Amino acid sequence: MTVLSGQDLPRDGEMLQGAALAARLERAWGDAPGFWGWLTTTDHKRIGLRYIVTAIVFLGLGGILSLVMRVQLATPESGLISADRYNQLFTMHGTTMMFLFAVPVMEAMAVFLVPLMIGTRNISFPRLNAFSYWMYLAGGVMLWVAFVLNIGPDAGWFAYTPLSGPQFSPGKCVDIWAQMITFTEVAGLAVAVELVAVILKQRAPGMTLARMPLFVWGALVTALMVIFSLPSVALASSFLISDRLVGTHFYNQYEHGDALLWQHLFWFFGHPEVYIIFLPGAGFVSQITETFTRRPVFAYPAMVLALVATGLLAFGVWVHHMFATGLPRMGYAFYTAASMAVAIPAGIQIFCWIATIWDGRPQFKVPLLYVVAFIVTFVIGGLSGVMQASVPIDLQVHDTYFVVAHFHYVLIGGAVFPLLGAWTYWFPKACGRMMSEGLGKISFWMVFLGFQVAFFPMHVLGLMGMPRRVYTYPAGMGWDEMNFLSTIGAFIVAAAILLFLVNAVNSWFRGAIAGANPWDAPTLEWATSSPPPQYNFEHIPVVTSRTPLWDNRAALPVMTGLRVDDRELLLTTVMDAKPEGREPSPLPTVWPFAGAMATMCMFISSIFTPWAVVIGTFPIAAALIAWFWPKGPPSVEPVIE
Amino acid sequence: MRRAALALPLLLAGCEGIQAVGHPAGRDAILIDRLFVVFEIVTGIFFVLTMAFLFAAYWRRRGHREDGLPDDLAAPSKSPLLRTVLFMWTGAVILSLIGLALASFFTDRGLAHPNPENRPVVSIELTGNQWWWDVVYHFQDPSKDFRTANELHLPLGTPAMVYLKSNDVIHSFWVPNLAGKQDLIPGRVNDIVLVPQRLGQYRGQCAEFCGLQHAHMAFDVIVDTPADYQRWVARHEQTAQLPTDPRAIAGYKFFMTRQCSSCHAIAGTEAGATIGPDLTHVATRKSIAAGTLANGIGPLHAWVADPQGVKPGNNMPYVGLNADELHNVVAYLETLK
Amino acid sequence: MSALPPKFEGDLAHLPTHGFGPKSLTWWGVVAFFAIEGTGFALAIGAYFFLEGLEDNWPPDPWLPPKLLAGTLFTILILLSEIPNTIVKRAAERHDLATVKRYMLILLPVFAGLLVLRGFEFASLNVWWTDNAYGSILWALLVLHTTHIGTDMVDSGVLTALMFTRHSAEERRIVDVSENAMYWRFVWLCWLPIYALIYWVPRWVA
Ligand code: HEA
Ligand code: HEA
Ligand code: CUA
Ligand SMILES: [Cu+2]
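Residues numbered from 1 in each chain as written. Chains lettered and ligands numbered in written order. Predicted model: local features only at pLDDT ≥ 70, side-chain atom pairs only at ≥ 80, totals over all residues. Heavy atoms only, no water.

Novice: Even after reading the chapter, I still don't get the site of ligand 1, so can you show me in this structure?
Specialist: The environment of ligand 1 is formed by 34 residues, the closest being A:Trp157, A:Tyr275, A:Asp394, A:His398 and A:His406. More than a single chain frames ligand 1: its nearby residues are located in chains A and B. Here an oxygen atom of ligand 1 sits 3.3 Å away from a polar atom, N or O, in the main chain of A:Ala389. Separating an oxygen atom of ligand 1 from a side-chain N or O atom of A:His398 is a distance of 2.7 Å. Contributions of two or more residues to the shell around ligand 1 are made by α8 (259-293), α11 (343-358), α12 (366-389) and α14 (401-431) of chain A together with α2 (27-60) and α3 (80-112) of chain B. The dominant element in the shell around ligand 1, judged by the number of residues it contributes, is α12(A), at seven residues. In terms of residue class, the shell around ligand 1 is built from 22 nonpolar, 10 polar and two charged. (Near = heavy atom within 4 Å. Polar contact = N/O pair within 3.5 Å; in protein donor to acceptor, adjacent residues only side chain to side chain. Helix = DSSP H or I, 4+ residues; strand = E, 2+ residues; numbered from the N terminus. Nonpolar A, V, L, I, M, F, W, Y, C, P; charged D, E, K, R; others polar.)

Printed below as a string of structure tokens:
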């Protein structure tokens, strides 16, 4: 046994480094081989990656649904799809995209990237992380199995009561929708808790809050927003389920309930949700801009303030989705003002990104091209958002294709384009190979131009009076051409995304070998090999600036002394990231998986009988106890004074 | 569906713009249209500015884009120019937003004044049903109240107070040419004022997703001259006359003795149910089944013969009339003027 | 393999392997869950006032406000439970295992007693959840809070058992005890507004 610093425990240090250290860490941090290792892993990279891949599958599925809708809408009075099927289609499209793609993929990117970017070995609660993934998967699979069996939900992605209530949606469709919410909300909250803890406590020594990469800031603000907004939809959907299954009357106006209670609770979550999707996207944009313009993002403090301000304002605007419900008009003025105020931080961010390009040495590789696409598209979507924030204008455009245009501009422009850029950018980190630049450029131009063709006409359609969520429309309203054009655009977008995926799969196996830092990027995730080892870093890096790899080109400053015979993490102080303690990190285990399966059985059977909640609690409790019960002999370590 | 496809082009031929925000014909719609132009200009300016800056940033560095990075450049930009411009930009954004918010607020105040000059108004109670509109015109003298469906007539220039209710789920009342939309929420009563300022025929449509046939929940709005409007009201205050034509008499008997009368009302007869639209003057309407078919003998045949084929899932069942019964009933419905 | 050679700048071996409060990861996890559950309670309370605001009478006619006895006894007992709870927390921070064990054993029957009182509370609400939205929200608040008591009881039971095994020697377990005591504080703190809402607001606004 290597004896170091006068102690009996093996630690990394000058005497244990290089290949010998790697071998020790490999043993401490490695997963079991094969399927068992896959099932029990608690490695944030493996879990993050499978989260991302699953979300991409849901993007594909949701996208295919939208293509079917677009075919139906390409011509007036089309008889292709029945009203019932169409209603399931847009409900499933919206639900899949929002709950199973956009929010999870953003959290998953953070699960993968944040520990690397802040220089730690694993996420704060790795077993919770594993649990979260299985819950998410279970919720998504349940929803889609129901859809394939033709009992998919059909009340829209925000399932307004009383349409979604027991009287007007008999059967199990809406219960399945509401339970899917429960699954994804448990998963989302779990990840948010991990992210807050990992970001606040596990940053590399010296990475003060003011030196955190902007993506990490985005992830932190997002996680806090998840924590304060998801309980709202959890409450709303529990009320809905209990109205439907055990006869409560929360939303029943005949028994002192009220339909609008649902809308308040849903949008109190629903609006923050859209920034939960957008802020990580903004984080990708910052990282990419930084790397490809060879300059730190302009006005970092303003960028951080803008993120925080957006996060706070997001909780004060939910009523802008309810301008037509006839609430007191004076109250509306407040929500108009708050919604418009969001344009200030958004405008500042847009300015700073462009200013970074202006004063940098931009290299227009694929990721930076997506930044440009993002700016163009998101600004259009944001400006139409500001129009909708005006009560009178919204009274006209609410629930029309104008709104559909708005939210695809901000969602695809503000989240999907940055994601495509981010995937291209971090692809080498995940697999050690580069994506093809040529194919990447082709799919970039297709998706960017195809998107404008698909969604710009929707603004016009909305102003020409076309409501959303109609399975068909009469000829002669002047809507035909625009709809047809939009369908063509949708297919170009789909082809582009398909091409992107083909490029990714191909490059995964045959791409050029990348090396640790192929883009010469400044942040810590590029300090380790591509793909990184299970333990991320051999030694814990030390940070003295916002761009550590640009400022330390010869050697990476590190600290030593973590145990290598056990999984150990470094904890640092919240503000200044001063080393504060060492904590063990949990080993792989199958119990999170078992717990998730037990929870799944309980949730699903609770749709059929409320007793499932009572009975199902026991296996869940058993799994959780087994999960937390310490295994093996207690490891007592004398503290070295 | 096929039949609907045949009938609708007739109804709508050349009717582009009868359901459009951009052809305002009512007070609210005109005010909103103006506000929209203001927003378009301001946001347009900011769009152009942003794009110009983006393009300039791209242009400035063309040529030496592939340059390697001298290490001393890795510091954050301290350009005083950029910093000044950032402050100016933020200031401009804030000022413009204040301007837009004020413009929006004052327009909204304009919309909120139901009846500035305290003129007599038309009072209409509109109730949403899956998937049709029940309409009651109220008068000072309640005995004059009458009921109709899926069609509004409004006198030019006179404010119409529309009270909005729902019998089942949430719907939304929207006539883009006249005004913005308002939801019909069960358990609540909303209202909206329509002040039509141009003669014409407009189309409205339910804007809140309300289930299976949300797509087919439209209605017609006809803005009449006051004289025409009075004639229309006078006609609707009359109850239905008993038919004289033998076919229609047979149809009348069928209607009153079979299922029809258990759902529909025809004032002046014993049919008084309110499950379906009031049919007292159904023959005068522009369209039937909430804007799904143009009105006329053909479409009425199609509808009564097989409502589920025309508008799948709607709440009028397939009654199963034979050819004679069908002709008779439609002949009777045609007398309801 | 790192791309860059390391430059050694310090050693971390001297750092402690556990810490209380914000020094431990668990504490942050628990605090984040407080935030989640606290938001849940706050929104449920918001929903209560939303429904209340729509009514002329609260409880709506002809329902009567809940009977006070069970709920008040419950409130007194849960407040008293903070005494042994504080003792456990302090003892844990002193690494005084014997006291921790003794008082955790005292707390378990207190939890059970609370659950029994809770049963009587449900019976004294004077309304069923199926009667109207007023009943629904009352039951919802009470059920929501009861799940927290249940969770804490199971947690505490497991931890107590753990204290009697060899694992109690690990310092981290003692941190867990301290975090668990903190969780109980959260549970009774949340109860106070709910108590007012269920038992007193219907009397005050009626
Ligand atoms: C990523 C998601 C995302 C983002 C970022 C936004 C951003 C914004 N959204 Fe959007 N929104 C959605 C997703 C999003 N939205 C979704 C999904 C819906 C519909 C849900 C449904 O009904 O199904 C919706 C619906 C929606 C509505 C309700 C419409 C209706 O149903 O009637 C409103 C109304 O106020 C609104 C407003 C805004 C505003 C003001 C912003 C602002 O944050 C935008 C700020 C950005 C800019 C303004 C651009 C950059 C700024 C400048 C260049 C500076 C200069 C600008 C000015 C001076 C104006 N949104
Ligand atoms: C992030 C969210 C997101 C995204 C990315 C999209 C993407 C798209 N959406 Fe989206 N949409 C919503 C969120 C989103 N949407 C929401 C929330 C609603 C409201 C729902 C409601 O009203 O309830 C909505 C509603 C909505 C409507 C209105 C329906 C109606 O009101 O009747 C339409 C209509 O055209 C539409 C079209 C499209 C199209 C063409 C795309 C395209 O961009 C899709 C591009 C295609 C693909 C992404 C697939 C490509 C991939 C493959 C073909 C490979 C398959 C591979 C695998 C399976 C791995 N959407
Ligand atoms: Cu009625 Cu949509
Ligand atoms: Cu919003």
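Let's pick the thread back up.
Novice: Honestly, the confidence of the model for chain C in this entry has me stumped. Any pointers?
Specialist: A low pLDDT means the predicted coordinates there should not be read in detail. Of all residues in chain C, 98% attain a pLDDT of 70 or more, and the chain-wide mean is 91. Of all helices and strands in chain C, the one with the weakest mean pLDDT is strand β1 (residues 6-11) of chain C (90), whereas helix α2 (residues 69-80) of chain C scores best (95). (pLDDT = per-residue confidence, 0-100.)

Novice: Can you walk me through the coordination of the copper ion (ligand 4) in this structure?
Specialist: Around a metal, the perfect tetrahedron of four donors has angles of 109.5 degrees, and the perfect octahedron of six donors has angles of 90 or 180 degrees. All names here are of chain A. The protein atoms that coordinate the copper ion (ligand 4) are His271 (ND1), His320 (NE2) and His321 (NE2), at distances spanning 1.8 to 2.1 Å. Mapped onto the sequence, the residues coordinating the copper ion (ligand 4) show the spacing H-x48-H-H. Taken as a pair, the copper ion (ligand 4) and the iron atom of ligand 1 show a spacing of 4.6 Å. (Donors = N, O, S within 2.8 Å, 3.2 Å for Na, K, Ca; no water.)

Novice: Whenever I open this one, the pattern of salt bridges confuses me. Can you help?
Specialist: Per the counting criterion, the structure on display carries 27 salt bridges over all chains. One salt bridge connects C:Lys89 with C:Glu93, and the closest N-O pair in it is separated by 2.9 Å. Taken together, the residues C:Lys89 and C:Glu93, both in helix α3 (residues 82-93) and four residues apart, mark about one turn of the helix. For C:Lys89, a relative accessible area of 14% translates into the label buried. When salt bridges that share partners are traced, they join A:Arg294, A:Asp520 and A:Arg553 into one network. (Salt bridge = Lys/Arg side-chain N within 4 Å of Asp/Glu carboxyl O. Buried < 20%, exposed > 50% of the residue type's maximum accessible area, 1.4 Å probe, protein only.)

Novice: Would you mind going over the coordination of the iron atom of ligand 2 with me for this structure?
Specialist: Residue and element names in this part refer to chain A. Donor atoms from the polypeptide that coordinate the iron atom of ligand 2 comprise His93 (NE2) and His408 (NE2), at 2.0 Å from the metal. Because the angles between the six donor atoms bound to the iron atom of ligand 2 fall within 87 to 179°, the donor set is best described as octahedral. Taken together, the residues histidine 93 in helix α4 (residues 83-117) and histidine 408 in helix α14 connect sequence positions 315 residues apart. A residue is classified by how much of its surface remains accessible, and histidine 408, at 13% relative accessible area, is buried. (Tetrahedral: all angles 85-135°; square planar, octahedral: opposite > 155°, others 65-115°.)

Novice: For this particular structure, what's the right way to read the packing of aromatic side chains?
Specialist: Residues and elements named next belong to chain A. Tallying each qualifying case throughout the model produces 92 aromatic pairs over all chains. Geometrically, the ring pair formed by phenylalanine 374 and phenylalanine 378 is stacked, given 5.5 Å between the ring centres and 15° between the ring planes. Here the residue phenylalanine 374 and the residue phenylalanine 378 both occupy positions in helix α12, the gap between them amounting to four residues, near one helical turn. Residue phenylalanine 374 is classed as buried on the basis of its relative accessible area, which comes to 0%. Members of the aromatic cluster, connected to one another through ring pairs, are Phe99, Trp157, Phe158, Tyr160, Trp177, Tyr251, Trp262, Phe266, Trp267 and Phe269. (Phe/Tyr/Trp six-rings, centres within 6.5 Å; stacked < 30°, edge-to-face > 60°.)

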